[in-house]
Amino acid sequence: MAKILDRLLLFIYSFSIGILSVIAILLFTEAVPFSIDSSQEKTLLNVSIAVAVILFLLSIRFFYISIRRDRASLPSIDQRTEFGDIQISVETIENLSLKAASRVRGIKDVKTRIKITESGLSIIIRALVDGESSIPALTEEVQKQVHDHVQEITGIPVSYVSVYIANLVQSPTIKSRVE
């Protein structure tokens, strides 16, 4: 809700600044003739002060938003124990998955992605294989290793491990030179 309100305020703020800028440009270049009498001057002054105060308050709000630390940008999984709260970042779980998948022989260039679901963690592994081992056996081993390692280290249930084999590792070709 706060983000929607902030976006709406930012839209109003930007729109107001844009309109005021266009009016100021038109008045200073005398593209629009402008003259006021003393009765309109007081009303114009009051409206100008009100607009200035509103824009100043919006500026303070946006300044605060820009410097505060946003907790939503640091996704984590929270657990409660009898001693207190534990927070494990999603990045930590990705690195644990990466470590477990990299231990399997024949798996190269591993990338991981974590999704948090109701039933536990959903881990997606993308890897290259060396092409010398059975792909079903490799992927099953990766699934087991990642599932067991992450669940054992973090204590968070792992509901699903998906392995996507992107390609084979291209071994460098060595040309022999005949002299």
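First things first, this report covers the structure right here in the doc.

Rules used throughout
- Residues numbered from 1 in each chain as written.
- Predicted model: local features only at pLDDT ≥ 70, side-chain atom pairs only at ≥ 80, totals over all residues.
- Heavy atoms only, no water.
- Helix = DSSP H or I, 4+ residues; strand = E, 2+ residues; numbered from the N terminus.
- Buried < 20%, exposed > 50% of the residue type's maximum accessible area, 1.4 Å probe, protein only.
- Contact = heavy atoms within 4.5 Å.
- Areas by Shrake-Rupley, 256 points an atom, 1.4 Å probe, with all protein chains shown as cover.
- Core = buried A, V, L, I, M, F, W, Y, C linked by side-chain atoms within 4.5 Å.
- Salt bridge = Lys/Arg side-chain N within 4 Å of Asp/Glu carboxyl O.

This brings us to the overall build of the chain. When helices and strands are counted, the chain shows 4 helices and 5 strands. Overall, the chain shows an N-to-C arrangement of helices and strands of α-α-β-β-α-β-β-α-β. By the burial criterion, 21% of the 179 residues in the chain qualify as buried. Within the chain, counting contacts between residues at least 6 apart in sequence, those at least 24 apart form 57% of the total. In the structure as shown, the chain presents an accessible area of about 13900 Å², 59% of it carried by carbon and sulfur atoms.

Leu121, Ile123, Ile125 and Val146 are the most contacted members of the largest nonpolar core, which has 24 residues in total. Elements with a minimum of two residues in this core: α3 (90–102), β3 (107–117), β4 (120–129), α4 (135–154) and β5 (158–168). Ignoring sequence-local partners within four residues, the contact set of Ile125 consists of Ser97, Ala101, Val110, Lys111, Thr112, Val142, Val146, Val161, Ser162, Val163 and Tyr164.

Looking now at the pattern of salt bridges. Summed over all chains, the structure comprises 2 salt bridges. Residues Asp85 and Arg80 are paired through a salt bridge, measuring 3.4 Å at the closest nitrogen-oxygen approach. Taking the shortest distance from any N to any O, the salt bridge between Lys144 and Asp148 comes out at 2.8 Å. Of the two residues, Lys144 and Asp148 both sit in helix α4, 4 residues apart, roughly one turn of that helix.

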